[in-house]
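Now for the letters of each chain:
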Amino acid sequence: MTEHTTMNTEQIWRAVAAERAGLAELLARLPEEDWDRPSLCAGWRVREVVAHVVLSARADIGWILVNLIRARGSLHRAIRDTAVRHAERRTTGQLLGELRDSIDARVTVIGTTPADRLMDLLVHGQDIALPLGISRQMPGPAARTAIDRIWTTGAPFHARRRFAGYRLVASDIDWAAGEGAVITGPIAALLLVVTGRREGWDRLTGDGAASAAEHDRV
């Protein structure tokens, strides 16, 4: 990866708070019907994405274990089911209030880091905004911290394995990773594709972009 200045833990948590606050501002402007529109997360409406973001700011080990048991050991199913249940039991106003209350929360689920919380917020902000035709800017340093975290870990995205034989290069900030045919574009678009959002491919070019987009699957 390209050498660059890394955000420290305090800076990451401040970025997390800024993303939550900005997302709350965006959601407060939405008409009620937009909360029930599909997000980029398959099977999740906007309100379920918001519920997931709220729950990720408060989860503890007991809560995780209970919901893993309910989901028969599947973490993916547990995450989805808890978000759906929470969204069903809350009004739009309650979800928005819970998101606002979580702005300054500094909670990391076991096995995760503050950078994971930041990545989750950056990507889910786009999951909400893009289907609604809303432009939501992604701060460069925050996006770089998030994509660094994804590139250096395995599950659930397996970015290095999926993009073996390609070099990803950000066109708007100092970041690159991998070796091979070049895929280049804004760091926000790169973050979307490494987290499995195909909507990011429309903003990427380079001699490896077409083939990688055709074969990419999470």
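Residues numbered from 1 in each chain as written. Predicted model: local features only at pLDDT ≥ 70, side-chain atom pairs only at ≥ 80, totals over all residues. Heavy atoms only, no water.

A.B. asks: What is the right way to read the packing of aromatic side chains from this model?
C.D. replies: Each aromatic ring pair is described using two quantities: the centre-to-centre distance and the angle formed by the ring planes. Per the counting criterion, the structure on display carries two aromatic pairs. Residues Trp151 and Trp175 carry aromatic rings whose centres are separated by 6.4 Å and whose planes lie at 85° to one another, so their mutual orientation is edge-to-face. Pair noted here: Trp151 is in helix α7 (residues 140–151) and Trp175 is in the loop between β1 (166–170) and β2 (176–178), with a separation of 24 residues, a long-range link. Given the relative accessible area of 8%, Trp151 is considered buried. Pairing Phe163 with Trp201 gives two aromatic rings, centres 6.2 Å apart and planes at 35°, and the pair type is tilted. You can see Phe163 sitting in the loop between α8 (159–162) and β1 and its partner Trp201 sitting in the loop between α9 (187–194) and α10 (209–215), a full 38 residues away along the chain. (Phe/Tyr/Trp six-rings, centres within 6.5 Å; stacked < 30°, edge-to-face > 60°. Helix = DSSP H or I, 4+ residues; strand = E, 2+ residues; numbered from the N terminus. Buried < 20%, exposed > 50% of the residue type's maximum accessible area, 1.4 Å probe, protein only.)

A.B. asks: How should the packing of helix α2 (residues 46–56) against helix α6 (residues 114–129) be read in this particular structure?
C.D. replies: Axis angle and axis distance: for two packed helices, these are the angle between their axes and the distance between the axes, and together they describe the pair. At a minimum axis distance of 10 Å, the contact between α2 and α6 shows a crossing angle of 170°. Taken together, the axis directions place α2 and α6 in an arrangement best described as roughly antiparallel. Relative to α6, α2 is oriented so that their crossing is left-handed. Residues Val46, Val49, Val50, His52, Val53 and Ser56 of α2 form the contact with α6, whose participating residues are Arg117, Asp120, Leu121, His124 and Ile128. Considered class by class, the residues forming the contact of α2 with α6 number six nonpolar, three polar and two charged. (Axes fitted to C-alpha atoms, helices over the stretch in contact; angles between N-to-C directions. Parallel < 35°, antiparallel > 145°, perpendicular 65-115°, else oblique. Left-handed = near helix turned anticlockwise from the far one by under 90°. Contact = heavy atoms within 4.5 Å. Nonpolar A, V, L, I, M, F, W, Y, C, P; charged D, E, K, R; others polar.)

A.B. asks: Looking at this structure, I do not really get helix α5 (residues 92–101). What am I missing?
C.D. replies: Owing to its 3.6 residues per turn, the α-helix aligns residues three or four sequence positions apart on the same side. Residues of α5 that are buried include every one of Thr92, Leu95, Leu96, Glu98 and Leu99, and no others. Along the long axis of α5, the arc covered by the buried residues comes to 160°, so they all point the same way. For α5, the exposed residues lying more than 90 degrees away from the buried face are Gly93 and Asp101. (Arc of directions from axis to C-beta.)

A.B. asks: Sorry if this is basic, but what is going on with the pattern of salt bridges here?
C.D. replies: Opposite charge on two side chains allows them to pair when their charged atoms are near. In this structure the tally under the stated criterion is 15 salt bridges. For Asp34, the salt bridge identified is with Arg37, shortest N-O distance 2.5 Å. Assessed through its relative accessible area of 40%, Arg37 is described here as partly exposed. Two residues, Asp127 and Arg197, come together in a salt bridge whose shortest N-O distance is 2.7 Å. (Salt bridge = Lys/Arg side-chain N within 4 Å of Asp/Glu carboxyl O.)

A.B. asks: Looking at this structure, how should I read the sheet that holds strand β3 (residues 181–185)?
C.D. replies: Sheets are built from strands paired through backbone hydrogen bonds, the pairs being either parallel or antiparallel. What the three strands build is an open sheet, ordered β2-β1-β3; its pairing is mixed. Each of the sheet's edge strands pairs with one partner strand only, and the pair in question is β2 and β3. On average, each strand axis in the sheet is inclined to that of its neighbour by 15°, with strand direction left out of account. In this structure, β1 lies alongside β2, joined through three bridges in antiparallel fashion. Bridging from a neighbouring strand, Arg167 pairs with Gly178 of β2. Along the sheet, α9 makes contact with β1 and β3, crossing β1 at roughly 140°. (Pairing = 2+ DSSP bridges.)

A.B. asks: Help me understand the pairing of β1, please; the structure alone is not making it clear to me.
C.D. replies: Along any regular strand the residues' side chains alternate between the sheet's two faces. Going residue by residue along β1, you find Tyr166, Leu168 and Ala170 tucked away on one face and Arg167 and Val169 left uncovered on the opposite face. Hairpin connection from β1 to β2: five residues lie between these consecutive antiparallel strands.

A.B. asks: I keep staring at the nonpolar core and nothing clicks. Help me out?
C.D. replies: Side chains of a nonpolar character, in soluble globular proteins, are inclined to be buried together. Residues Leu27, Leu168, Ile183, Leu191 and Val194 are the most contacted members of the largest nonpolar core, which totals 61 residues. Filtering out sequence-adjacent residues up to four positions away, Leu168 remains in contact with Trp151, Phe163, Trp175, Ala176, Ala177, Ile183, Leu190 and Val194. (Core = buried A, V, L, I, M, F, W, Y, C linked by side-chain atoms within 4.5 Å.)

A.B. asks: How do you make sense of the environment of Ala87 when you look at a structure like this?
C.D. replies: Along the polypeptide, Ala87 turns up in helix α4 (residues 75–88). We classify Ala87 as buried; its relative accessible area is 3%. The contacts of Ala87, once residues within four sequence positions are left out, are Arg47, Glu48, Ala51 and Leu95.

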